[in-house]
Amino acid sequence: MQKTENSTEQGLASSSKHFKDRYKNSQRVVGALTVLCLSIGLFGCPKDKPADTSATSGAPSGNTSAKKLRIAVIPKGTAASFWQTVHAGAEAAGKEDGVEIIWQGPSRETDISEQVNLVQNQVSSGVDGIVLAATDAQGLVKPVQDAIAKNVPVVTIDSGLKEDVSLCFIATNNVEGGRKAAESLAQLVGDKGKVGILPFLKGAGSSDDRENGFMEEMKKHPNIQVMPALYTNSDANIALERTTNMLTANPDIVGIFAANEPAGIGASNYLKQRGLIGKVKLVAYDSSPDELKALDDGIIQSLVVQDPYQMGYQGVKTVLKAIKKQPITTKFIDSGVKVVTKENLNTPEVQKLLKP
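Right, let's walk through the structure included here. Values in this document were obtained by computation on a predicted structure and should not be read as measured data.

1. Looking at the packing of aromatic side chains
For any pair of aromatic rings, geometry is given as the distance between the ring centres together with the angle between the planes.
Here is step 1: Under the defined criterion, the tally for this structure stands at five aromatic pairs.
Here is step 2: Between Phe82 and Trp83 the ring centres are 4.9 Å apart and the planes differ by 90°, which places this aromatic pair in the edge-to-face class. For the pair shown, Phe82 and Trp83 are each scored as buried.
Here is step 3: Taken together, the ring pairs in this structure connect Phe214, Phe257 and Tyr285 into an aromatic cluster.
Here is step 4: Lying over the aromatic face of Tyr285, Arg210 brings its terminal NZ or CZ to 3.9 Å of the ring centre.

2. Details of the pairing of strand β4 (residues 154-157)
Two faces make up the sheet, and in a regular strand the side chains alternate between them.
Here is step 1: Of the two faces of β4, the one lined by Val154 and Thr156 and the one lined by Val155 and Ile157 are each fully buried.
Here is step 2: The sheet contact formed by strand β3 (residues 129-132) and β4 spans three bridges and is parallel. Counted as the bridge partner of Leu132 is Thr156 from β4.
Here is step 3: What joins β3 to β4 is helix α4 (residues 141-149), and the crossover it makes is right-handed.
Here is step 4: Alignment of β4 against strand β5 (residues 169-171), held across two bridges, turns out to be parallel. Considered in β5, the bridge of Ile157 is made with Ile170.

3. Structural notes on unusual backbone geometry
Here is step 1: If you check the backbone angles, Asp191 has positive phi at about 65° while not being a glycine.
Here is step 2: Within the secondary structure layout, Asp191 lies in the loop between α5 (174-188) and β6 (193-198).
Here is step 3: Phi at Ser234 is positive, roughly 55°, even though this residue is not glycine.
Here is step 4: If you trace the backbone, Ser234 turns up in the loop between β7 (224-226) and α7 (236-249).

4. Structural notes on the side chain of Thr172
Here is step 1: With respect to the helices and strands, Thr172 occurs in the loop between β5 and α5.
Here is step 2: What makes Thr172 buried here is its relative accessible area of 2%.
Here is step 3: Excluding residues that lie within four positions of it along the chain, Thr172 makes contacts with Tyr285, Gln306, Met311, Asp334, Ser335, Gly336 and Val337.

5. What to know about empty space enclosed by the protein
Here is step 1: On inspection of all chains with the given rule, the structure shows one cavity of 30 Å³ or more.
Here is step 2: Around the largest cavity, the lining is made up of 14 residues, and of these Phe82, Trp83, Glu109, Asn260 and Asp286 lie nearest the centre.
Here is step 3: If you list the elements that add at least two residues to the lining of the largest cavity, you get α2 (81-97), α6 (205-218) and α8 (261-273).

6. Side note on the packing of α2 against helix α10 (residues 308-323)
Here is step 1: Where α2 contacts α10, the two axes come as close as 6 Å, and the packing angle between them is 40°. Between α2 and α10, the angle is such that the two are oblique. Once α2 is placed against α10, the crossing between them reads as right-handed. Across from Phe82, Thr85, Val86, Ala88, Gly89, Ala90, Ala92, Ala93, Gly94, Glu96 and Asp97 in α2, the residues of α10 making contact are Pro308, Tyr309, Met311, Gly312, Tyr313, Val316, Lys317 and Leu320.
Here is step 2: Among the residues making up the contact of α2 with α10, the classes are represented as 12 nonpolar, four polar and three charged.

Parameters and conventions
- Residues numbered from 1 in each chain as written.
- Predicted model: local features only at pLDDT ≥ 70, side-chain atom pairs only at ≥ 80, totals over all residues.
- Heavy atoms only, no water.
- Phe/Tyr/Trp six-rings, centres within 6.5 Å; stacked < 30°, edge-to-face > 60°.
- Buried < 20%, exposed > 50% of the residue type's maximum accessible area, 1.4 Å probe, protein only.
- Lys NZ or Arg CZ within 6 Å of the ring centre and 35° of its normal.
- Helix = DSSP H or I, 4+ residues; strand = E, 2+ residues; numbered from the N terminus.
- Pairing = 2+ DSSP bridges.
- Right-handed = clockwise from strand over helix to strand, strands pointing away.
- Contact = heavy atoms within 4.5 Å.
- 1 Å grid on protein atoms, 1.4 Å probe; cavity = no way out; pocket = protein on both sides within 12 Å on 5 of 7 lines; lining within 4 Å.
- Points joined across faces, edges and corners; volume = space filled by probe spheres on them.
- Axes fitted to C-alpha atoms, helices over the stretch in contact; angles between N-to-C directions.
- Parallel < 35°, antiparallel > 145°, perpendicular 65-115°, else oblique.
- Left-handed = near helix turned anticlockwise from the far one by under 90°.
- Nonpolar A, V, L, I, M, F, W, Y, C, P; charged D, E, K, R; others polar.

Take a look at the structure:
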């Protein structure tokens, strides 16, 4: 019995020592934690590095993870070499600034409703800005107003709007281009006789301006009679048909002004087919490979040449300013126009214009 009691006392003593040791250890831990907290209070916790917000800022940068700005370039059409050169200029500007260019145009330059839908769809898709060549000066006013109301800046190129709603208009001075065409044609026909005109679409700003400039200048040449305009709908086949109708009704016509590339090609084809090269003088707008060949072959006597590359390039650069909230100091940028003939075709100035 005594042995059992002694064992019990020894066990209790051992347990008591064990708990005392654990208590001392816990006190040491508490003390260490207290010192650590005091140190943190004095010197502060290490702070997280601020997050890099450049990836979502929308501003172009060298960081490949940055969100690219997206600019929709919506021409009147995509098939003509004129529009392909506009596209090249837009892409060059986009590449310089790290901007994605969305190139999308209607299947036909006369399809106003399709272009309206394209503008609306691009706004809905969340593009940062739009560069637009309007198929109709009035029909695109409302879509542009709606886009700007949704903070999508719009710059127009080539063909503008009746109301001054876009942030900037970059184009040839088409009234002046029409005047230059009339001056050239008047000289070619000896300042007398009947001449015809082939605009492309009534209501399209650039077409109307070229026609108006041509008619204004021809008022200075009273011995020249201008026949009623025949519209080509920017289609070379329709232009061929209209030229046929024009010369069938008026076989004594001595000159024609074709107000864009398809009209120039259609009229050239007719004159070549009928053996009228040189007999009917032809002045055309633009500078497609087919038109330049016709110039070299003597079918076309002069070309009124625009700078579509600069339209695309400056269009993207200007709308990018608006996106970045930078000031746009002018409402109109004249991209320039020049009369090109066989005589000046190979000069450095003209070659730079034709091959930017």
